[in-house]
Amino acid sequence: MQLDAKIPAGPIEKKWDTRSFENKLVNPANRRKYHVLVVGSGLAGGAAAASLGELGYRVSVFCYQDSTRRAHSIAAQGGINAAKNYMGDGDSIHRLFYDTVKGGDYRAREANVYRLAQVSNAIIDQCVAQGVPFARDYGGLLDNRSFGGAQVSRTFYARGQTGQQLLLGAYSALMRQVGAGTVKQYTRTEMLDLIVIDGRARGIVTRDMVTGQVQCVLADAVVLATGGYGNVFFLSTNAMGCNATAIFRAWKRGAGFANPCFTQIHPTCIPVAGDYQSKLTLMSESLRNDGRIWVPKAVGDKRAPGSIPEEERDYYLERRYPAFGNLVPRDVASRAAKQVCDEQRGVGEFGLGVYLDFEDSIKRLGRKIIEERYGNLFQMYEKITGEDPYTVPMRIFPAVHYTMGGLWVDYNLESTIPGLFVAGEANFSDHGANRLGASALMQGLADGYYVIPPSIGHYLGTVRSLPAADETHPACRDAERAVTERIGQLLSIQGRRTVDDFHKALGRIMWDKCGMGRTEAGLTQALEEIPRLRADFWKDVRVPGSAPSLNQSLEKAGRVADFLEHGELMVRDALERRESCGGHFREESQTEEGEALRDDVNFAHAAVWEWKGEGQSPALHKEELAFEHCLPSQRSYK
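Predicted model, so just to flag it, every value in this text is computed and none were measured.

*Asks:* Any details on the overall build of the protein chain? Residues and values, ideally.
*Replies:* Secondary structure assignment for the protein chain yields 17 helices and 20 strands. Its C-alpha radius of gyration of 24 Å places the protein chain within 12% of the 26 Å reference for a compact globule of 638 residues. Viewed in the frame of its principal axes, the protein chain has a C-alpha envelope of about 75 × 60 × 50 Å. Within the span of the protein chain, comprising 638 residues, buried residues form 61% of the whole. Here the analysis covers contacts within the protein chain between residues at least 6 apart in sequence; of these, 74% occur between residues at least 24 apart. Roughly 24,000 Å² of accessible area belongs to the protein chain as shown, and the carbon and sulfur atoms make up 49% of that amount.

Right under this line is the structure:
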């Protein structure tokens, strides 16, 4: 496996312009000759499919939901970053670039991050033109609010529904192309394998989730925009259907997988209420703008929050990080919450929670302003917990949220398999070891609207024409046969344990051994436990129903089977990275004050894993990261 990031030469401010000029072009009249598959219809996939269709390519877009507008991007709440500096508080493209690299603990590729900051402003203009109802200030200008990891207000928002509104904008653009005939959409269709012909990605194997039909779909290029793999932990803020199958099957076909251990723990989630839960609910990070986070100073203080006087409260983030206070990055806030709960100062029935209190803001601003900013979030919290956050502090606790790892891509977002492009959370490229809040939506739309289209054009303009291939090609038949045999194997086991039982068991291992805190001993133990659990799965799982039909148990089984392998890769990567950085916290590597301690001498690289075959250990490759504009230093938010 060769890792060539293909970063353009020249000053960082000019790299994207340079690449845009260097790109090969496809004549508008020739674009209709090319067929592109886009897997995933969220912000990255929907934007890419719409943009490619607008350019004149023939596009097929696939999603496992019943509508392309039901992608998980719709769940994002708080906002989208851009460097427009409407607030006049000193923001700039360079500051957004710097904050992102620093927030990711110096484990991202500088050139990609700078491009992300560059195109951020155009994203806002594009979305406004699409009718996205961003919040506006009294004078009618677009409003901004603050998010973690920054000391400026650069986050554009639509109350607590930003992801939904942005997705509807992309969806409208996509449906325009569906109506024009340039894009065909395939709903309730799951990708189960990648077809590689002569070393190039040429198609996918899909299963119709209603009829069970398995078939090959061929094209000239493939874009994967299938999101992250946080559900490997079972309990996460992800929708239940979110999975790793598309990118994991691509890994097994030769795509490098970068930094799989880099997972993000979000500090602002509703705490676990019992063993019956199947997912966790995120409360937007935007709440940290006006909510103050605290726990009782005394160990074991179980009084109602209103009975605890001010002098007996510990506003621990404001105390430890006076410069950023409650707006420290997510990894810092999450570890701090874990620490006070480990000290037996956590709140709630299980002691696994901290207070997010709006009392001071309501007194200062009035309830009406808080309702305007966060009303739907407060409603959601009350419906889930039965507690009114206007009168009682919210209870929050960290939970698995986003994954910074993903398939390795170069500057053009092309994987190590030519013709396979990866967008949004499915790639590794922009966030390093920790994603700043409100940057996921920014990256998804940047990749989909602005990076994927010219990159696809350059690829097709370079190869010009590919050998003809159809469903009778041996590579198609082999991939389709492998999918069909795997489905048959899952249905034939007829064991005693449910798919969810195995998923929960894996989630416990991952959370305990590869979650907020990681140790050499714990990770080593996990590498022994996961293979045993995987062996039990293939001997004792019970998948009811049949293949040629709607069978949600079968869908889950295939995804959990992939999680059982992917979890091991994550643990292997975490064990190999003997440093702490961002969301990856090795307890052996921390400062005297309990902060993450990087090792820039040995680990300033992207760890890229190569599949070597069943029963073989994957091979590790390294892309060394160079920092010319954001010199690595110990992160401090004090």
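Once you've had a look at it, read on.
*Asks:* Tell me about the nonpolar core, and please be specific about residues and values.
*Replies:* Counting residues in each nonpolar core, the largest one holds 149 residues, and the members touching the most others are I80 and L224. If near-sequence neighbours (up to four positions away) are discounted, I80 is found in contact with I123, I124, F134, R154, T155, F156, T162, L166, A438, L441, M442 and L445.

*Asks:* Explain empty space enclosed by the protein to me, using residue names and the numbers behind them.
*Replies:* For the structure shown, the criterion picks out five cavities of 30 Å³ or more. Each pocket or cavity is described by its volume, and for the largest cavity that value is around 130 Å³. Forming the boundary of the largest cavity are 13 residues, of which L192, R249, I487, L554 and G558 lie nearest the centre. Of the residues assigned to the lining of the largest cavity, the class counts are five nonpolar, two polar and six charged. One number sums up the size of the second largest cavity: a volume of about 50 Å³. Taken together, I265, D331, S334, R335, M516, G583 and F585 make up the lining of the second largest cavity. Ranked by residues supplied to the lining of the second largest cavity, first place goes to helix 9 (residues 330-342) with three residues. In terms of residue class, the lining of the second largest cavity is made up of three nonpolar, two polar and two charged. Structurally, the lining of the second largest cavity is a two-domain feature, drawing no fewer than three residues from each of domain 1 (267-400) and domain 2 (474-596).

*Asks:* So what's going on with the state of the cysteines? Residues and values would help.
*Replies:* A covalent bond between the sulfur atoms of two cysteines is what we call a disulfide. This model, assessed by the stated rule, comprises zero disulfides. There is no disulfide at C514, and the cysteine sulfur nearest it, in C261, is 6.5 Å away. The exposure class assigned to C514 is buried, which follows from its relative accessible area of 0%. No disulfide involves C630; its sulfur sits 16 Å from that of C581, the nearest cysteine.

*Asks:* Residue-level account of the domain arrangement of the protein chain, with values.
*Replies:* Splitting the protein chain by domain gives domain 1 (267-400) and domain 2 (474-596). Each of domain 1 and domain 2 has a C-alpha centre, and these two points are 31 Å apart. Between domain 1 and domain 2, the contact holds nine residues from the first and nine residues from the second. At the boundary of domain 1 with domain 2, total buried surface from both sides reaches about 770 Å², with 57% on carbon and sulfur atoms. Counting the surface domain 1 buries against domain 2, the share from its top three residues, D331, R335 and K338, is 53%. Applying the counting rule to domain 1 against domain 2 returns one salt bridge. Its salt-bridge partner being E595, residue R320 comes within 3.3 Å of it at the nearest N-O pair.

*Asks:* Talk me through the packing of helix 4 (residues 93-103) against helix 5 (residues 110-129); I want residue IDs and the actual numbers.
*Replies:* Packing of helix 4 against helix 5 leaves a shortest axis separation of 9 Å and a crossing angle of 135°. One finds that helix 4 runs oblique with respect to helix 5. Viewed along their axes, helix 4 and helix 5 form a crossing whose handedness is right-handed. Contacts between helix 4 and helix 5 pair I93, H94, L96, F97, T100 and V101 from the former with E110, V113, Y114, A117, Q118, S120 and N121 from the latter. Here the residues of the contact of helix 4 with helix 5 sort into seven nonpolar, five polar and one charged.

*Asks:* Describe the pairing of strand 7 (residues 189-197), and please don't skip the residues or the numbers.
*Replies:* A regular strand places its side chains so that they alternate between the two faces of the sheet. Taking burial as the measure, the nine residues of strand 7 include eight buried ones, the bulk of the element. Here strand 7 pairs with strand 8 (residues 200-208) via eight bridges, running antiparallel. Bridged to L194 within strand 8 is I204. With antiparallel pairing between neighbouring strands as the criterion, strand 7 and strand 8 make up a hairpin whose turn holds two residues, including D198 at a positive phi of roughly 55°.

*Asks:* I'd like to hear about the side chain of R31, residue by residue, with values.
*Replies:* Within the element layout of this structure, R31 appears in helix 2 (residues 28-31). Buried and unpaired, R31 has no salt bridge, with E54 as the nearest side chain of opposite charge at 9.2 Å. Among the polar contacts made by the side chain of R31, one reaches the main-chain carbonyl oxygen of V26 at a distance of 3.0 Å. What R31 contacts, discounting residues up to four positions off in sequence, is V26, L55, G56, Y57 and R58.

*Asks:* Please give an account of the side chain of N326 that cites residues and values.
*Replies:* Relative to the assigned elements, N326 resides in the loop between helix 8 (316-320) and helix 9. Sequence-distant contacts of N326, defined by excluding residues within four places in its chain, comprise R288, G291, R292, I293, L317 and E318.

*Asks:* Can you lay out the packing of helix 15 (residues 520-540) against helix 16 (residues 552-576) for me, pointing to particular residues and giving the numbers?
*Replies:* Closest axis-to-axis distance for the helix 15/helix 16 pair is 9 Å, and the angle between their directions is 160°. When the interaxial angle is binned, helix 15 and helix 16 end up roughly antiparallel. Along this stretch, helix 15 crosses helix 16, giving a crossing that reads as left-handed. The segment helix 15 lies against helix 16, with E520, L523, T524, A526, L527, I530, P531, L533, R534, F537 and W538 engaging A557, V560, A561, L564, E565, G567, E568, V571, R572, A574 and L575.

*Asks:* Can you break down the pairing of strand 16 (residues 394-403) residue by residue, with the values?
*Replies:* Within strand 16, nine of the ten residues are buried, leaving the element largely enclosed by the surrounding structure. Note: strand 12 (residues 263-269) against strand 16, four bridges, orientation antiparallel. Along strand 16, the bridge assignment pairs C269 with F397.

*Asks:* Could you give an account of the environment of I265, with specific residues and numbers?
*Replies:* Its location among the elements puts I265 in strand 12. Here I265 falls in the buried class, since its relative accessible area comes to 6%. Considered as a pair, I265 and Y402 are 137 residues apart in the sequence and their alpha carbons are 7.3 Å apart. With sequence-adjacent residues up to four places away left out, I265 is seen in contact with R330, S334, P398, A399, V400, W511 and M516.

*Asks:* Mind laying out the pattern of salt bridges, listing which residues take part and the relevant values?
*Replies:* Throughout the structure, instances matching the rule amount to 55 salt bridges. Put simply, R292 and E318 hold a salt bridge, and the shortest N to O gap is 2.9 Å. Of this pair, R292 sits in strand 13 (residues 292-296) while E318 sits in helix 8; the two residues are 26 residues apart in sequence, bridging distant segments of the chain. The exposure class of R292 is partly exposed, given its relative accessible area of 22%. Residue E318 is classed as partly exposed on the basis of its relative accessible area of 27%. For E579, the salt bridge goes to R577, with nearest N and O atoms at 2.8 Å.

Scoring rules and cut-offs
- Residues numbered from 1 in each chain as written.
- Predicted model: local features only at pLDDT ≥ 70, side-chain atom pairs only at ≥ 80, totals over all residues.
- Heavy atoms only, no water.
- Helix = DSSP H or I, 4+ residues; strand = E, 2+ residues; numbered from the N terminus.
- Rg over C-alpha atoms; globule rule 2.2 N^0.38 Å.
- Buried < 20%, exposed > 50% of the residue type's maximum accessible area, 1.4 Å probe, protein only.
- Contact = heavy atoms within 4.5 Å.
- Areas by Shrake-Rupley, 256 points an atom, 1.4 Å probe, with all protein chains shown as cover.
- Core = buried A, V, L, I, M, F, W, Y, C linked by side-chain atoms within 4.5 Å.
- 1 Å grid on protein atoms, 1.4 Å probe; cavity = no way out; pocket = protein on both sides within 12 Å on 5 of 7 lines; lining within 4 Å.
- Points joined across faces, edges and corners; volume = space filled by probe spheres on them.
- Nonpolar A, V, L, I, M, F, W, Y, C, P; charged D, E, K, R; others polar.
- Domains from an automatic or database assignment.
- Disulfide = S-S within 2.5 Å.
- Buried area = accessible area lost by both parts, 1.4 Å probe.
- Salt bridge = Lys/Arg side-chain N within 4 Å of Asp/Glu carboxyl O.
- Axes fitted to C-alpha atoms, helices over the stretch in contact; angles between N-to-C directions.
- Parallel < 35°, antiparallel > 145°, perpendicular 65-115°, else oblique.
- Left-handed = near helix turned anticlockwise from the far one by under 90°.
- Pairing = 2+ DSSP bridges.
- Lys, Arg positive; Asp, Glu negative; His and termini not counted.
- Polar contact = N/O pair within 3.5 Å; in protein donor to acceptor, adjacent residues only side chain to side chain.

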